[in-house]
Amino acid sequence: MLKYFLSKTEIPQIQSILEQLNQKKQRLQTNDFSEAYREYGLCKENFKEILAIAKVQKDELLANAQYVFGEYFLLFCNLSDYFDMLMREEFKASWSKLQDCLDLLIDIGRFVNVGERFDVPKILSCLEGYEQLYPYRVFASSEFIVSKSHCSICGKSKQSLSCFHRRGQLYWGERAIEIIDQIEAFQGVAIVSHPEDKRCIIELADDIHAEGEKYKKLIGFVKLNLPFLAKFTIYSQIETRLSEDMPKVGGNRPCPCGSGKKFKHCCKSSYSYEHQRNIVTSYEPIQLISF
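Every value quoted in this text rests on a predicted model; they were computed, and no experiment measured them.

Asker: Can you walk me through the side chain of Lys97 in this structure?
Answerer: Within the element layout of this structure, Lys97 appears in helix H5 (residues 91-111). Using a relative accessible area of 11% as the deciding quantity, one classes Lys97 as buried. If we skip the residues at most four places from it in the chain, Lys97 touches Tyr37, Asn78, Asp81, Tyr82 and Met85.

Structure, rendered in structure tokens:
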């Protein structure tokens, strides 16, 4: 659908959208993350006008293509917002924004053929690396019994056969969504490692780890000042290190604590600790496509 949208450049509104998108991408690649949604805001009316044109021309493919291209445009706005959060050290809030970016990437992939996704696959690979920098590994997934819901397009009940709109599909530039009106029962919460939505993280109520400790890997990565839009790999290994406060005593000498034992058989182990060493390998920055 992205290519179909680009094939309609005789429509002035599409030309305007492409100009603004190119500016957005250029700012993103030069680490200008200010006013993340500025360019998209200038194009919102253009998208509405293209949808109106598609309906007049009875071109449902164009109507759907403007929806998908709108998500493609929003992807780069959300990327700017995400990288800005990292720069401002808003690490906890940045997790949800990262999930917004990943959701857009996956959603675009649903509607676009494999060979026509432009820079989407490279960006997805990059952001999957960012996910590994966070401490979150388990998530909550709620289970409900829905007794009443309706379709966002036709308004008919999703519990009947009268609605022919398939959830998640596009119809004249509108996404078919099941809107829940009534929940019959709450069944429970499952603890999972790979939910569809990773925003509901699980943290222990008595977790006393400071932000700096919890996001140590992410903080260390940001301090490297590597290109934000570049694929990278990270290898972690645990090393045993000796504390700087360790007494200058030979292992066979009496322990300073006065126990009468040799230092190596007494307090020496108390001055060692485990340190996680992270080795990052960064690859060539992603070159975003200009139209």
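Asker: It is not clear to me how the side chain of Gln99 should be interpreted in this structure. Could you clarify?
Answerer: Considering the arrangement of structural elements, one finds Gln99 in helix H5. Setting aside residues no more than four positions away along its own chain, Gln99 makes contact with Glu131, Lys198 and Arg199.

Asker: Is there a simple way to explain the packing of aromatic side chains in this structure?
Answerer: The geometry of two aromatic rings is summed up by the distance between their centres and the angle between their planes. Inspection of the entire model under this criterion finds 26 aromatic pairs. With 4.3 Å between their ring centres and 15° between their planes, Phe5 and Phe69 make a pair best called stacked. You can see Phe5 sitting in helix H1 (residues 2-6) and its partner Phe69 sitting in helix H4 (residues 60-87), a full 64 residues away along the chain. With respect to class, Phe5 is no different from Phe69; both count as buried. An angle of 50° between the planes, with centres 5.9 Å apart, marks the rings of Phe83 and Tyr130 as tilted. A residue pair is termed long-range when its members are at least 10 positions apart, and Phe83 in helix H4 and Tyr130 in helix H6 (residues 120-131) qualify at 47 residues. According to the relative accessible area criterion, Phe83 is buried, its value standing at 1%.

Asker: Whenever I open this one, the environment of Val146 confuses me. Can you help?
Answerer: Of note, Val146 is situated in strand E1 (residues 139-151). According to the relative accessible area criterion, Val146 is partly exposed, its value standing at 28%. Along the chain, Val146 and Cys200 lie 54 residues apart, while their C-alpha atoms are 20 Å from each other. What Val146 contacts, discounting residues up to four positions off in sequence, is Gln159, Ile180 and Gln182.

Calculation rules
Residue positions are given per chain, counted from 1 along the sequence in the order it is written. pLDDT decides what is reported in this predicted model: residues at 70 or higher carry local features, side-chain atom pairs at 80 or more are listed and counted, and totals for whole chains, interfaces and linings draw on all residues regardless. Only hydrogens and water are removed before side-chain values are computed, so all heavy atoms of the structure are retained for them. Working definition: helices are DSSP H or I runs of at least four residues, strands are E runs of at least two. Numbering for both runs from the N terminus. Relative accessibility decides the category of a residue: with a 1.4 Å probe and only protein chains considered, values under 20% of the type maximum give buried, values over 50% give exposed, and everything between is partly exposed. We call two residues contacting when some pair of their heavy atoms lies within 4.5 Å. Two rings from Phe, Tyr or Trp (for Trp, the six-membered ring) form a pair when their centres sit within 6.5 Å of each other. Planes less than 30 degrees apart are called stacked, planes more than 60 degrees apart edge-to-face, and all others tilted.

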